[in-house]
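Here's the letter readout for the chains.
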Amino acid sequence: MKSSVLEVLAFIIEKVLLISHFKLLPSDEVFNASHYNVSVYKRGDLLEVPRTLFVHFGIYLGEDRVAHLMPDILPLLSEDPSLLQKVVTNKRLVLGVLAKAASVRVDSVHDFAYGSRILVNHLDRRFPRGALPAEEVARRAEQLVGAVEYSLLWNNCEHFVTRCRYGSPASLQTDKFCETVKMIIRDQRSVLASVLLGLASMMCLGLGPSTTLPSILIPFSLWMAG
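Residues numbered from 1 in each chain as written. Predicted model: local features only at pLDDT ≥ 70, side-chain atom pairs only at ≥ 80, totals over all residues. Heavy atoms only, no water.

**Student:** Looking at this structure, how should I read the overall build of the chain?
**Tutor:** Within the chain, the secondary structure is distributed over 9 helices and 6 strands. The 226 residues of the chain split such that 38% are buried. Intrachain contacts of the chain at a sequence separation of at least 6 include 69% that bridge at least 24 residues. Counting every atom, the chain has about 13000 Å² of accessible surface; 63% of that belongs to carbon and sulfur. (Helix = DSSP H or I, 4+ residues; strand = E, 2+ residues; numbered from the N terminus. Buried < 20%, exposed > 50% of the residue type's maximum accessible area, 1.4 Å probe, protein only. Contact = heavy atoms within 4.5 Å. Areas by Shrake-Rupley, 256 points an atom, 1.4 Å probe, with all protein chains shown as cover.)

Here it is as structure tokens:
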């Protein structure tokens, strides 16, 4: 029963994240490739770019190449390298999320960032154990290139880069989102409990019609909030 509840909750969260996780790829805007100075990036660096509410991550491999995990339906439909290497479109991305399909692919810095600013090794301060040696980070990323199963909660682009750079997969932004959802659920339960306790008090204490419901609920709400 508990596992079923968790699966339902995961499904709901995934559908919410489907709407909020991605800044859809630009279809008409053309960005200047010279916008990025790739000489400042080192092999094994963790690159991140903003995507509306969330962040997209990749591992720099050197020579203007970034390995990153992206939802993509095409690996389920074709094995043609020439098709798979084309930049992921909005339709491929959304269908990949729905089908839980993705690939760890290698793109240029320009194609990886889609015009967004890039932060370098910004997650290092959040992982006290520190990063693995740069060459090992890059080698791990290269070994994972190819089709993978995708999950917004359990296997997204942040899980990929943290596995490569720190040795174990984690997603701080997903953890934060789940904590927010749990807090909202707890708050809703508190409100419901307050209402039920207030109604029970009115019945048990035989309170008259002159007693208003708010006068009963407020003390219980304060007690539950505490």
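There's plenty left to go through after this.
**Student:** Would you mind going over the environment of Asp-45 with me for this structure?
**Tutor:** In this structure, Asp-45 sits in the loop between α1 (2–20) and β1 (46–51). Among the residues examined, Asp-45 registers a relative accessible area of 9% and is labelled buried. As a C-alpha pair, Asp-45 and Gly-58 span 13 residues in sequence and 8.5 Å in three-dimensional space. Sequence-distant contacts of Asp-45, defined by excluding residues within four places in its chain, comprise Val-40, Gly-58, Ile-59, Tyr-60, Val-120, Asn-121 and Arg-165. One polar contact links Asp-45 to Asn-121, side chain to side chain, over a distance of 3.1 Å. (Polar contact = N/O pair within 3.5 Å; in protein donor to acceptor, adjacent residues only side chain to side chain.)

**Student:** Would you take a moment to explain the sheet that holds strand β6 (residues 146–149) for this structure?
**Tutor:** As a general point, the strands of a sheet are linked pairwise by backbone hydrogen bonds and lie either parallel or antiparallel. The strand order across the open sheet built from 6 strands is β5-β1-β2-β3-β4-β6, with neighbouring strands paired in antiparallel fashion. Single-partner strands in this sheet number two, and they are β5 (119–120) and β6. Pairing of strand β3 (residues 65–71) with strand β4 (residues 101–107) involves 6 bridges; the strand directions are antiparallel. Residue pairing across strands places Leu-69 opposite Val-104, the latter belonging to β4. Along the sheet, helix α6 (residues 134–143) contacts β2 (54–62), β3 and β4; its crossing angle with β2, the most-contacted strand, is approximately 105°. (Pairing = 2+ DSSP bridges. Axes fitted to C-alpha atoms, helices over the stretch in contact; angles between N-to-C directions.)

**Student:** Sorry, what's going on with the pairing of β1 here?
**Tutor:** In summary, the side chains of a regular strand alternate between the two faces of the sheet. Among the 6 residues of β1, 5 are classified as buried, and the element is accordingly described as predominantly covered. Across 6 bridges, the pairing between β1 and β2 is antiparallel. Within β2, the position partnered with Leu-47 by the bridge is Gly-58. When β1 meets β5, the two strands line up antiparallel, connected through 2 bridges. Residue pairing across strands places Leu-47 opposite Val-120, the latter belonging to β5.

**Student:** I would appreciate a short explanation of α6 in the present structure.
**Tutor:** Within an α-helix, residues lying three or four positions from one another point in the same direction, as the helix has 3.6 residues per turn. Three or more residues of α6 are buried, namely Val-137, Ala-138 and Ala-141. Down the axis of α6, the buried side of the element spans an arc of 95°, and every buried residue falls inside it. The inward-facing, buried residues of α6 abut β2, β3, β4 and α7 (157–166). (Arc of directions from axis to C-beta.)

**Student:** Sorry, what's going on with the pattern of salt bridges here?
**Tutor:** It is possible for side chains bearing opposite charge to pair when their charged atoms get close. In total, this model carries 6 salt bridges according to the counting rule given. Residues Arg-92 and Asp-72 are paired through a salt bridge, measuring 2.6 Å at the closest nitrogen-oxygen approach. Of this pair, Arg-92 sits in helix α4 (residues 90–99) while Asp-72 sits in the loop between β3 and α2 (74–77), and the two are 20 residues apart along the sequence. The residues Arg-92 and Asp-72 share a single accessibility class, namely buried. The partner of Asp-107 in a salt bridge is Arg-105, with the nearest N and O atoms 2.7 Å apart. Linked by salt bridges that have partners in common, Arg-43, Glu-135 and Glu-142 make up one network. (Salt bridge = Lys/Arg side-chain N within 4 Å of Asp/Glu carboxyl O.)

**Student:** Honestly, the pairing of β2 in this entry has me stumped. Any pointers?
**Tutor:** In terms of burial, β2 is largely enclosed, as 8 of its 9 residues are buried. The antiparallel pairing of β2 with β3 creates a hairpin that spans 2 residues between the two strands, and Glu-63 there sits at a positive phi of about 55°.

**Student:** What should I look at first to understand the nonpolar core in this one?
**Tutor:** Burial of nonpolar side chains together is a common tendency in soluble globular proteins. Membership of the largest hydrophobic core comes to 22 residues, with the highest contact counts inside it found for Leu-46, Ile-59, Leu-69, Ala-141 and Phe-160. Among the elements of the structure, β2, β3, β4, α6 and α7 are those that each provide at least two residues to this core. The residues contacting Ile-59, other than those within four sequence positions of it, are Gly-44, Asp-45, Leu-46, Arg-65, Val-66, Ala-67, Val-137, Ala-138, Ala-141, Phe-160, Val-161 and Cys-164. Core analysis: the next-biggest nonpolar cluster, separate from the first, contains 10 residues, Tyr-36, Tyr-60, Val-109 and Ile-118 among them. (Core = buried A, V, L, I, M, F, W, Y, C linked by side-chain atoms within 4.5 Å.)

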